[in-house]
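# Understanding the architecture of this molecule
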Amino acid sequence: MDRDRLRDLIARMSLEEKASLLSGADFWHTKAVARLGIPSISVSDGPHGLRKQAGAVDHIGLNSSVPATCFPTASATASSWDRELLAAIGLALGEECQAADVHVILGPGANIKRSPLCGRNFEYFSEDPYLAGELAAAMVAGIQSQGVGASLKHFAVNNQESFRISVDALVDERTLRELYLPAFEKAVKKAEPWTVMSSYNRLNGDYASEKASLLTGILREEWGFAGAVLSDWGGTNVRARGLEAGLDLEMPFPGGHTDREVAEAVRAGTCPAGALDAAVERLLDLAFKGVENRRPGASFSAEAHHALARRAARESMVLLKNEGALLPLARGARLAVIGDFAREPRYQGAGSSLINPSRLDTVLGELGAFTDTFAFAPGYDQGDGRPRPDLIARAVEAAREAQVALVFAGLTADYEAEGLDRTGLGLPASHVALIEAVAAANPRTVVILSNGSAVEMPWLGLVPAVLEAWLPGQAGAGAVLDLVFGLASPSGKLAESFPVRLSDLPSSRHFPEGPVTVEYREGLYVGYRWFDSSGARPLFPFGHGLSYTSFAYSGLALSKERLDDTESLAVSARIRNTGAVAGAEVVQLYVRDLESTAYRPDKELKGFQKVFLQPGEEAQVSFVLDPRAFSTWDSDRHAWRVETGDFEILLASSSAEVRLSGRLRVEATDSLPAPRDRRQDLPSYYNPEAALAVGDGEFRALLGRDLPLKARPPRQAFDLSSTVRDVQGSLVGRLILAFGLREGRKAFDGDPASERVLRRSIEDMPLRNMAALTGGNPPIGVVRLLLWLLNIGRRKSR
């Protein structure tokens, strides 16, 4: 609908009608205004499948949803490094949304993997913003090609699940601009998502949903975003403040009190009427766009989507190790299939992205197409992480009788979930004990891992082959067997570094933190930026992945040897399949700044291309680097800039394996002085081979301001942003927790994983969300009464 018609509608609306559009009608729908013909549209969770709830509703995955294709999670598909594949998955999601009458799907997630401990990492693409942004853009474009809106989330700096609704992420401006925002920027500029979802957390003092510099200054004014910004579910604080900052839609329906607060603020002049009209215009545009793009009677091929899910899983799995070319196996090999994941697979994470799969393949169910000579032993109990000697003994017996032992291991469902962070990188003790015992019984042991993020592998030296299968979706079992038996060659590359141990990561000293603040003291040194700069050795580097074939790189060509900072550089090279089978190589382009006043990581990814080649086939890969590829963020001038100097262009098969390199000089055309040399006040960042144990003074210098308190003042009064955890030391607080647990348990069958998610979600919940997530039952007035009682009790206890 054109802008003039939208503005005419707005002119005919009352203040109350305008304010009413700023919050949902229920958990999954926007409000309509019937007298003006303004429609309601529906939204549903994603991002690797459609989670449309037809009955009881929730935002943490406790209640069931209608069947849909469960594609591999983002941690898997990112390892495909394949834009076309992500676009195809997005297209399929759009088709399923059309068939289910869903107008907007909530995804993809573009947050950076600051630490492998983040419990929601399976929903995010990478530790690298270029890779994450390219894949997010491709997925958004695929979804929206079907007339369905995407919701790019969680904007921004939502990198831990612990205290995610209350914690204040303290990040310096340069790290924010170079690491945590560019993936969102790329997806916004390339794919123009219909919506962006703000994150729960605070960012440098302000809630993300109330941060005008983020939602308006950066997102709209700098990047040109023209869509609607919606909150995460229950992710608002003071609604009028959020509206003025650029938050258009509060989800879900909070009971109506925030609509009234906005109307009162506009009448009183404390909230600009222009901000309200602008938000309403964006929401009307979204609603009419959703309705106008509906395809009544739309359908899709469930078989075709299942086949796509299998292809996606196959192209995303990473062959980490393959000593002696143990893989691929010959058909008919006598196997021991060990591990309960072969019978009941771990194929997705827990939380709001939990998909009810349209079908679910298992290794035991698919194996008959490859061999009929195998024995199965479960090896462990998925509900108990302790080793079971009886199960391990049966597995060892099967392994001794087999030519090859396939051990299916990884992280069980209670390790990775929305709302919970992992406490370590190890596998369950039962899985480790099983791998060690089987490897001792059969030296031809292959470990197939199912996990949503990096894990430690102290047993790596005991086994000749490891296949990282990630959380591969409903068709993952067949994809594993396709690779194990050589129907396809592995082509996945790691989208995140695997450390030897957690303490090797500088973020481990400050992850997770809270409940008040989390300090990003490592700055830019996340993932391979840390390993390559410090000289520390990862277990497996970013971009690593083996194949059943081999590739030769040659003929690197740069279009220029000298470049102005207003020009682009063309880069090309030749890639040849020098092996005996077809395969795909991911050519990774990194840029290294050889002389910089500002501290910089050793190198940074600025391009990639996946090329499929037959044996003996050769192809040219080409890249174009714009000035941004050579730029840093100048925090003094709040702008991108290039510093004159020499740069290297590196073509690599991983961040640790450079195959070709070239050199050029880039000249700055501005007359500005060089960026400040900060070696004196930021020595740890210029010398990252040190342990990067950044002290308070150095982090204060990096941040550019004093550090806020890490704990809530002991006598500070409770308010609506106080969490249930904050107040549960009192009788009223304990009653609130008990009530929340009782109501929440009605949604599931009492399994331990769901219980943990439920308890943590309620403990971390701000008191305001007692109304916001229940449709106003209890109403906000009751919540304020409870708050008054809590503060009365607090004063009496002093």
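Here, every reference points to the structure presented above.
Summary of the structure given here. (Residues numbered from 1 in each chain as written. Predicted model: local features only at pLDDT ≥ 70, side-chain atom pairs only at ≥ 80, totals over all residues. Heavy atoms only, no water.)

So, about the overall build of the protein. When you go through the protein residue by residue, the secondary structure sums to 24 helices and 27 strands. Principal-axis analysis of the C-alpha atoms gives the protein an extent of 75 × 70 × 60 Å. Considering the protein as a whole, with its 798 residues, one finds that 62% of them fall into the buried category. Once the 89 positive and 100 negative side-chain charges of the protein are each reduced to a mean point, those two points are 3 Å apart. (Helix = DSSP H or I, 4+ residues; strand = E, 2+ residues; numbered from the N terminus. Buried < 20%, exposed > 50% of the residue type's maximum accessible area, 1.4 Å probe, protein only. Lys, Arg positive; Asp, Glu negative; His and termini not counted. Charge placed at Lys NZ, Arg CZ, Asp CG, Glu CD.)

The next subject is the sheet that holds strand 8 (residues 206–207). The four strands are arranged 8-7-5-17 in an open sheet whose pairing can be described as mixed. Edge strands, defined here as strands with exactly one partner in the open sheet, are strand 8 and strand 17 (517–519). As paired elements, strand 5 (residues 168–170) and strand 17 share three bridges and run parallel to each other. Looking across to strand 17, one finds that L170 is bridged to E519. (Pairing = 2+ DSSP bridges.)

Per the counting criterion, the structure on display carries zero disulfides. Lacking any disulfide linkage, C97 is separated from the closest cysteine sulfur, that of C70, by 14 Å. For C97, a relative accessible area of 0% gives the class buried. Considering cysteine sulfurs only, C70 is the nearest to C118, which forms no disulfide, with 19 Å between them. With a relative accessible area of 2%, C118 lands in the buried category. (Disulfide = S-S within 2.5 Å.)

All right, on to the environment of S568 then. Looking at where S568 falls in the secondary structure, it is placed in the loop between strand 19 (562–564) and strand 20 (569–577). Of the residues examined, S568 reaches a relative accessible area of 37% and is grouped as partly exposed. C-alpha separation for the pair S568 and D626, spaced 58 residues apart in sequence, amounts to 4.4 Å.

Time to look at the sheet that holds strand 20. Read from one edge of the open sheet, three strands run 18-20-23, paired in antiparallel fashion. The open sheet is flanked by strand 18 (551–558) and strand 23 (618–625), the only strands paired with a single partner. Mean inter-strand twist for the sheet, computed between neighbouring axes without regard to direction, equals 20°. Judged from the eight bridges that link them, strand 20 and strand 23 form a sheet pairing that is antiparallel. (Axes fitted to C-alpha atoms, helices over the stretch in contact; angles between N-to-C directions.)

Applying the stated rule across the entire model yields 20 aromatic pairs. Their ring planes at 75° and their centres at 6.5 Å tell us that F498 and F540 sit as a pair that is edge-to-face. One end of the pair, F498, is in the loop between helix 16 (476–484) and strand 17; the other, F540, is in the loop between helix 17 (528–534) and strand 18, and 42 residues separate them in sequence. The exposure classification of F498 matches that of F540, with both residues buried. Taken together, W81, Y130, Y528, F542, Y590 and F608 form an aromatic cluster joined through their ring pairs. For R114, the ring lying beneath its charged end belongs to Y520, and the centroid distance is 4.0 Å. Here the guanidinium or amino end of R768 rests over the ring plane of Y207, the centre of that ring lying 5.3 Å away. (Phe/Tyr/Trp six-rings, centres within 6.5 Å; stacked < 30°, edge-to-face > 60°. Lys NZ or Arg CZ within 6 Å of the ring centre and 35° of its normal.)

Moving on, we get to the nonpolar core. F125, F155, V157, Y180, L214 and L605 are the most contacted members of the largest nonpolar core, which has 96 residues in total. The greatest single-element share of this core, amounting to 10 residues, is contributed by helix 5 (residues 129–144). Setting aside its immediate chain neighbours within four residues, L605 contacts W81, D128, Y130, L131, Y528, F542, Q588, L589 and Y590. Among the nonpolar cores identified, the runner-up in size contains 67 residues, and L326, V404, A477 and V480 belong to it. (Core = buried A, V, L, I, M, F, W, Y, C linked by side-chain atoms within 4.5 Å. Contact = heavy atoms within 4.5 Å.)

A few words on the pairing of strand 10 (residues 318–322). Strand 10 sits mainly inside the fold: five of its five residues count as buried. Where strand 10 and strand 16 (residues 465–468) come together, four bridges link them in antiparallel fashion. Paired with V318 across the two strands is E468, which belongs to strand 16.

Before going further, it helps to spend a moment on the pattern of salt bridges. Under the defined criterion, the tally for this structure stands at 75 salt bridges. Taking the shortest distance from any N to any O, the salt bridge between D634 and R641 comes out at 3.0 Å. Residue classification places D634 among the buried positions, given a relative accessible area of 5%. Note on R641: relative accessible area 8%, which makes it buried. Shared partners join several salt bridges into a network, and the residues in it are R120, E123, K153, E161, R164 and E418. (Salt bridge = Lys/Arg side-chain N within 4 Å of Asp/Glu carboxyl O.)

The next subject is the environment of P752. Positionally, P752 belongs in helix 22 (residues 752–763). Residue classification places P752 among the exposed residues on the basis of a relative accessible area of 62%. It is 31 Å that separates the C-alpha atoms of P752 and H29, two residues lying 723 residues apart in sequence.

This part covers the packing of helix 4 (residues 83–99) against helix 12 (residues 302–316). The geometry of helix 4 relative to helix 12 is characterised by a closest axis approach of 11 Å and an angle of 150° between their N-to-C directions. Put simply, helix 4 runs roughly antiparallel to helix 12. Considering the relative orientation of helix 4 and helix 12, their crossing is left-handed. Contacts from L85, A88, I89, A92, E95 and E96 in helix 4 reach H305, L308, R311, A312, E315 and S316 in helix 12. Its residues placed into classes, the contact of helix 4 with helix 12 shows six nonpolar, two polar and four charged. (Parallel < 35°, antiparallel > 145°, perpendicular 65-115°, else oblique. Left-handed = near helix turned anticlockwise from the far one by under 90°. Nonpolar A, V, L, I, M, F, W, Y, C, P; charged D, E, K, R; others polar.)

For the rest of this paragraph, the subject is the pairing of strand 14 (residues 404–410). Along strand 14, seven of the seven residues are buried, which leaves the element largely enclosed by surrounding structure. Across four bridges, strand 11 (residues 335–338) lies against strand 14 in parallel orientation. Its bridge partner lying in strand 14, V337 is registered against L406. Sheet topology places strand 14 next to strand 15 (residues 445–450); six bridges connect them, and they run parallel. Directly across from G410, in strand 15, lies its bridge partner S450.

What follows concerns the side chain of R164. Within the fold, R164 resides in the loop between strand 4 (149–155) and strand 5. A relative accessible area of 5% means that R164 is categorised as buried.

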